[in-house]
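Take a look at the letters that make up each chain.
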Amino acid sequence: MEKPIYLKDSEDIRLFNELRKKVNQRVEAIPENRDIYIQIKAVILPLVYVGLYFGALFNAEKQWVYILSYVLMGISLVLIYLNLIHEAAHNNIYKSKRLNSLVLHIFDFIGANSYIWKKRHIASHHAYPNVDGWDTDIEQSGLLLIVPWVKARGVQKYQDKFFFLVYPLYLFNWMFIRDFRDFFDNERVILKTQGQIPVKEKVKMISYKLFYFFYQIAIPVVFFKVSIGLALGAWFLQVISASIFALFVLLPLHPLPDNAFPKLNKENGLPFSWLRHQFEVTNDLKENNWLVRNMLGNFNFHVAHHLFPNYSYMYYNEITEEIEKFAREYHLAYKRFPLLTALSKHRDLLRQNANNAYYILEE
């Protein structure tokens with residue numbers, strides 16, 4: 001399948017080279033190696049997850065401790081993703097690709113699949129963010145319509161009224177449906193764009209999934225006399241809490257009515273250059289505090305990540321300062337919203353899509 005082609009613009013290429021030079025100089029002027037803090041988290045965060053798990057097992061007779069430990073495992077799962085998995089996929093934790101790969105494999109032990117997620121994230125989302133048919137992050141599920149210029153059908157016409165019931169199931173869909181479809185459904189973006197998946201990766205995916213459910217549910221029931229109801233209930237609450245937390249972080253960054261969803265022309269061309277595309281489809285968040293910087297992987301500075309994914313989030317504060325100044329100077333579409341405003345805007349997008357606002361405007 002022929003891949004989308006960004007608009008060729010020599011001036012934008014010059015602009016990006018200028019911005020990259022400014023960013024590189026700014027980061028090189030920072031004396032300390034901040035990535036050491038992520039390397040420390042690469043030890044601490046998995047230990048927290050494992051500690052919570054064993055804390056649940058050895059306190060199984062106290063139902064509230066068992067349930068709370070599993071819920072906190074869900075929260076730590078998202079922290080592992082934001083701080084470690086995401087950075088390891090970009091080889092930003094260690095200089096060694098092998099060590100980054102080892103960190104990435106933590107994803108396999110907590111219910112997801114590292115192989116297919118890295119392909120989604122690097123070869124699909126980063127390559128063509130917000131491009132329908134190419135960005136797996138906006139691949140349509142049937143229940144919710146994210147792309148504005150696709151006509152709403154069936155239950156999608158009511159999505160702004162029931163989305164809050166669907167979103168808490170986000171990780172259930174990921175674990176039970178999305179991973180399997182991306183491995184075996186030829187109509188999915190991954191298989192259409194990335195080619196065949198090695199058999200050994202399919203075997204590993206299924207094996208890790210089975211191991212995940214074995215330690216999450218079977219071990220507590222068989223070896224620690226946890227009732228099936230409690231084991232399933234605590235695990236269910238873990239995944240629900242992780243889903244809500246994950247979407248609270250991920251939804252405000254791309255799928256907003258203020259961001260573009262570029263359409264391909266007949267020649268498979270995109271309307272923007274690569275540089276302008278990143279600004280048009282991405283926004284930042286105004287929150288910038290210790291919690292966001294050190295616990296949530298600086299997810300608030302998402303434009304910096306798309307423009308300079310080779311730097312870890314520990315440098316995004318300074319990088320974003322350079323981006324903001326540069327965007328003002330050259331009138332680039334830099335956007336930054338408060339978190340709650342961005343979440344509200346996401347609901348506005350769902351409402352507009354449900355009401356076919358795009359088609360009304362077109363007519």
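Residues numbered from 1 in each chain as written. Predicted model: local features only at pLDDT ≥ 70, side-chain atom pairs only at ≥ 80, totals over all residues. Heavy atoms only, no water.

1. Some points on the overall build of the chain
Step number 1: Scanning the chain for helices and strands turns up 17 helices and 2 strands.
Step number 2: Its C-alpha atoms give the chain a radius of gyration of 21 Å, near enough to 21 Å, the size a compact globule of 363 residues would have.
Step number 3: Seen through its C-alpha atoms, the chain measures out along the principal axes to roughly 65 × 55 × 40 Å.
Step number 4: The 363 residues of the chain split such that 52% are buried. (Helix = DSSP H or I, 4+ residues; strand = E, 2+ residues; numbered from the N terminus. Rg over C-alpha atoms; globule rule 2.2 N^0.38 Å. Buried < 20%, exposed > 50% of the residue type's maximum accessible area, 1.4 Å probe, protein only.)

2. Observations regarding the packing of aromatic side chains
Step number 1: Throughout the structure, instances matching the rule amount to 30 aromatic pairs.
Step number 2: An angle of 75° between the planes, with centres 5.1 Å apart, marks the rings of Phe16 and Trp274 as edge-to-face. Placement of Phe16 in helix H1 (residues 10–28) and of Trp274 in helix H12 (residues 274–281) is noted, with a sequence separation of 258 residues between them.
Step number 3: Residue classification places Phe16 among the buried residues on the basis of a relative accessible area of 12%.
Step number 4: Each ring, one from Phe183 and one from Phe184, has its centre 6.2 Å from the other, and the planes form 40°; the classification is tilted.
Step number 5: When the ring centre of Trp174 is taken as origin, the NZ or CZ atom of Arg178, which lies over that ring, is 5.3 Å away.
Step number 6: The residue whose ring lies beneath Lys345 is Phe337, and the NZ or CZ to ring-centre distance is 4.8 Å. (Phe/Tyr/Trp six-rings, centres within 6.5 Å; stacked < 30°, edge-to-face > 60°. Lys NZ or Arg CZ within 6 Å of the ring centre and 35° of its normal.)

3. Quick look at the packing of H1 against H12
Working note: a packed helix pair is described by the angle between its axes plus the distance between those axes.
Step number 1: Where H1 meets H12, the axes come as close as 8 Å, and the angle between the chain directions of the two elements is 75°. The orientation of H1 with respect to H12, classified from their angle, is roughly perpendicular. Residues Asp12, Leu15 and Phe16 of H1 form the contact with H12, whose own contacting residues are Trp274, Leu275 and Arg276.
Step number 2: In terms of residue class, the contact of H1 with H12 is made up of 4 nonpolar, no polar and 2 charged. (Axes fitted to C-alpha atoms, helices over the stretch in contact; angles between N-to-C directions. Parallel < 35°, antiparallel > 145°, perpendicular 65-115°, else oblique. Contact = heavy atoms within 4.5 Å. Nonpolar A, V, L, I, M, F, W, Y, C, P; charged D, E, K, R; others polar.)

4. Examining the nonpolar core
Step number 1: Counting residues in each nonpolar core, the largest one holds 82 residues, and the members touching the most others are Tyr66, Phe279, Leu307, Phe308, Ile319 and Ile323.
Step number 2: Looking at which element gives the most residues to this core, the answer is helix H3 (residues 63–89), with 13 residues.
Step number 3: Every residue in contact with Phe308, bar those within four places of it in the chain, is listed here: Phe16, Leu19, Arg20, Val23, Tyr316, Ile319 and Ile323.
Step number 4: Grouped together as the second largest cluster of nonpolar side chains are 14 residues, Ile138, Val147, Phe162 and Tyr167 included. (Core = buried A, V, L, I, M, F, W, Y, C linked by side-chain atoms within 4.5 Å.)

5. Observations regarding the layout of surface pockets
Step number 1: Here the largest pocket is characterised by a volume of approximately 1100 Å³.
Step number 2: For the largest pocket, the lining is made up of 46 residues, of which Thr136, Asp137, Tyr170, Arg178 and Leu247 are closest to its centre.
Step number 3: Of all the elements in the fold, those that place two or more residues in the lining of the largest pocket are H3, helix H6 (114–126), helix H8 (170–184), helix H11 (228–250) and helix H14 (302–307).
Step number 4: Top element by residues in the lining of the largest pocket is H8. It accounts for 6 residues.
Step number 5: A breakdown of the residues in the lining of the largest pocket according to their chemical character gives 24 nonpolar, 14 polar and 8 charged. (1 Å grid on protein atoms, 1.4 Å probe; cavity = no way out; pocket = protein on both sides within 12 Å on 5 of 7 lines; lining within 4 Å. Points joined across faces, edges and corners; volume = space filled by probe spheres on them.)

6. Here we look at a nonpolar patch on the surface
Step number 1: A cluster of nonpolar side chains, Ile36, Tyr37, Ile40, Val43, Ile44, Leu47 and Val48, forms an exposed patch at the surface whose accessible area comes to about 610 Å².
Step number 2: Checked against the element boundaries, Ile40 lands in helix H2 (residues 35–57). (Patch = residues over 30% accessible without salt bridge, like charges linked within 9 Å, V, L, I, M, F, W, Y side chains within 5 Å. Areas by Shrake-Rupley, 256 points an atom, 1.4 Å probe, with all protein chains shown as cover. Salt bridge = Lys/Arg side-chain N within 4 Å of Asp/Glu carboxyl O.)

7. Focus: empty space enclosed by the protein
Step number 1: Throughout the structure, instances matching the rule amount to 3 cavities of 30 Å³ or more.
Step number 2: If you add up the space inside the largest cavity, you get close to 130 Å³.
Step number 3: For the largest cavity, the lining is made up of 13 residues, of which Leu77, Phe107, Ala112, Leu171 and Trp174 are closest to its centre.
Step number 4: Where the lining of the largest cavity is concerned, the elements lending two or more residues are H3, H8 and H11.
Step number 5: Tallying contributions element by element places H8 first for the lining of the largest cavity, with 4 residues.
Step number 6: When its residues are assigned to classes, the lining of the largest cavity shows 12 nonpolar, 1 polar and no charged.

8. Side note on the pattern of salt bridges
Step number 1: For the structure on display, the rule yields 21 salt bridges.
Step number 2: Ionic pairing is found between Arg351 and Asp160, a salt bridge with its closest N-O pair at 3.9 Å. One end of the pair, Arg351, is in helix H16 (residues 339–354); the other, Asp160, is in helix H7 (residues 159–166), and 191 residues separate them in sequence.
Step number 3: When its relative accessible area of 6% is taken as the criterion, Asp160 is described as buried.
Step number 4: Each of Arg120, Glu139, Asp179, Asp182, Arg188 and Lys209 takes part in salt bridges that share partners, so that together they form one network.

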